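Overview (structure and organization)
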Amino acid sequence: APAGWETWTGGAPGSVVVKPGKAQSSPNGLVSSGGTSTAARGWATADLPPDVDAAASVYLDSLVPARVLVRGSGLDTETPAYYAAGVTRGLTVQLVRVANGAETVLGSVKSAGYVSGQWVRVRVIAEGDLLRVSAYRTDTRQWMTADGGWSDTPDFVLERRDGAIAGGGKAGVARSAIYSGEVAFDDFTAAPAGTNPGPAVTITPPAGNPLSGEVTF
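Residues numbered from 1 in each chain as written. Predicted model: local features only at pLDDT ≥ 70, side-chain atom pairs only at ≥ 80, totals over all residues. Heavy atoms only, no water.

Counting buried residues along strand β3 (residues 28-34), five of its seven residues qualify, which places the element largely inside the surrounding structure. With six bridges joining them, strand β2 (residues 15-20) and β3 adopt antiparallel strand pairing. Across the sheet, residue Pro 20 finds its bridge partner in β3, namely Asn 28. As defined by bridge partners, β3 adjoins strand β16 (residues 181-192) across five bridges and the pair is classed as antiparallel. Bridge assignment links Gly 34 to a residue of β16, and that residue is Gly 181. (Buried < 20%, exposed > 50% of the residue type's maximum accessible area, 1.4 Å probe, protein only. Helix = DSSP H or I, 4+ residues; strand = E, 2+ residues; numbered from the N terminus. Pairing = 2+ DSSP bridges.)

Dropping the structure here:
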C-alpha cells in the first residue's frame, strides 16, 4: 500500500498494491486484484471531516465496480460504513451507501455511448446530506451528464440527499465482490469540501493573450 495508507481484503484472496505500468501518472498506480468473491479497500489513514471532496482516476477495462469512498468507518472489517461513487466499463456510474456492510444503490446512470479502455476521473463530494458525483473523461475532456450524455462544461452526473452516514471518517478506494480481475486507480486526492482544486482550463481569446485558471463547480 502507499505510505500513509491501510488496506483490507475479504472473501477470496486478493490484494491492493502499488504497481508499475497501469498508471495515468507514471510510473505507478494502485491496483486491486482478486476473484469473484474478493472485496477490497484501501484508504488514507488521515481522518477527514463530514464535508469532504475525494477523487481518483479509474481505468475502465473491467466490470468490477471501482469506487471512491468517503466518510468511511470500519473499513478493516466486513461491516464497514461509507458513501462511494463507483464506475464500471461501459460506462455506468453509481452512488452507493454501505451501512453495516449492507449496500444500497442511491443512484445509477449509464453512458449513452460505450466507453472502455480509458481513464475516467471519478469524484464524490459530501456536504451535509447532499451527495454529488462527477465523472470526467480525460481523453475527451468531457463530463458525464445526468442523462448519460457528455458535456464540455463541468457537470454532476448524480446528486442525491441522504443523511444516514453523517460523521467524518476515512477516504479511499474500493472494489466490489462480483467479478474477477483487476481494477486500477491513480492520482487519488481527498480534502475537506471546498478546498480541492477544480480542473484547470486555458482560454485563448481572438486577440491572443491566453487566460488560465481553475474551474469551480
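That covers the picture; the talk isn't over yet.
One pass over the structure, following the stated rule, counts 11 salt bridges. With its nearest N and O atoms 2.9 Å apart, the salt bridge here joins Lys 22 to Asp 61. Within this pair, whereas Lys 22 is found in the loop between β2 and β3, its partner Asp 61 is found in the loop between β5 (52-60) and β6 (66-73), the two being separated by 39 residues in sequence. Looking at Lys 22, the relative accessible area reads 22%, which means it is partly exposed. Counted as one network, the salt bridges with shared partners bring together Lys 19, Lys 22, Asp 61 and Glu 182. (Salt bridge = Lys/Arg side-chain N within 4 Å of Asp/Glu carboxyl O.)

Where nonpolar side chains cluster on the molecular surface, the patch consists of Leu 63, Ile 178 and Tyr 179 and spans about 260 Å² of accessible area. Structurally, Tyr 179 can be placed in the loop between β15 (170-175) and β16. (Patch = residues over 30% accessible without salt bridge, like charges linked within 9 Å, V, L, I, M, F, W, Y side chains within 5 Å. Areas by Shrake-Rupley, 256 points an atom, 1.4 Å probe, with all protein chains shown as cover.)

On to the environment of Ser 33, then. As for its position among the elements, Ser 33 is in strand β3. Through-space distance from the C-alpha of Ser 33 to that of Val 183 is 6.7 Å; in sequence the pair is 150 residues apart. Setting aside chain neighbours within four positions, we find Ser 33 in contact with Gly 14, Ser 15, Thr 38, Arg 175, Gly 181 and Glu 182. A polar atom in the side chain of Ser 33 sits 3.4 Å from the side chain of Glu 182. (Contact = heavy atoms within 4.5 Å. Polar contact = N/O pair within 3.5 Å; in protein donor to acceptor, adjacent residues only side chain to side chain.)

Below, the discussion takes up the side chain of Ser 176. Secondary-structure assignment places Ser 176 in the loop between β15 and β16. In contact with Ser 176, not counting residues within four places along its chain, are Thr 38, Val 64, Pro 65, Arg 67 and Glu 103.

In this structure, Ser 108 sits in strand β9 (residues 102-115). Since its relative accessible area comes to 42%, Ser 108 is described here as partly exposed. Sequence-distant contacts of Ser 108, that is, excluding residues within four places in its chain, are made with Thr 92, Val 93, Gln 94 and Leu 158.

Before going further, it helps to examine the nonpolar core. Among the nonpolar cores identified, the biggest contains 40 residues, and Val 70, Val 93 and Val 133 are the most heavily contacted of them. It is β5 that provides the largest number of residues to this core, a total of five residues. In contact with Val 70, not counting residues within four places along its chain, are Val 52, Ala 54, Tyr 82, Tyr 83, Val 124, Ala 126, Lys 170 and Ala 171. Core analysis: the next-biggest nonpolar cluster, separate from the first, contains 10 residues, Trp 43, Leu 69, Tyr 82 and Val 98 among them. (Core = buried A, V, L, I, M, F, W, Y, C linked by side-chain atoms within 4.5 Å.)

Moving on: the sheet that holds strand β7 (residues 81-88). The antiparallel open sheet is built from seven strands, whose spatial order is β1-β4-β15-β6-β7-β8-β9. The two strands at the open ends of the sheet, each matched to only one other strand, are β1 (5-10) and β9. Averaged over all pairs of adjacent strands, the angle between strand axes in this sheet comes to 15°, irrespective of strand direction. The pairing of β6 with β15 spans five bridges and is classified as antiparallel. The residue of β15 that forms the bridge with Val 68 is Val 173. (Axes fitted to C-alpha atoms, helices over the stretch in contact; angles between N-to-C directions.)

We now examine unusual backbone geometry. With omega at 5°, the peptide bond leading from Ser 26 into Pro 27 counts as cis. Tracing the backbone shows Pro 27 in the loop between β2 and β3. For the bond from Gly 90 to Leu 91, the omega torsion is 20°, close enough to zero to count as cis. Along the polypeptide, Leu 91 turns up in strand β8 (residues 90-99).

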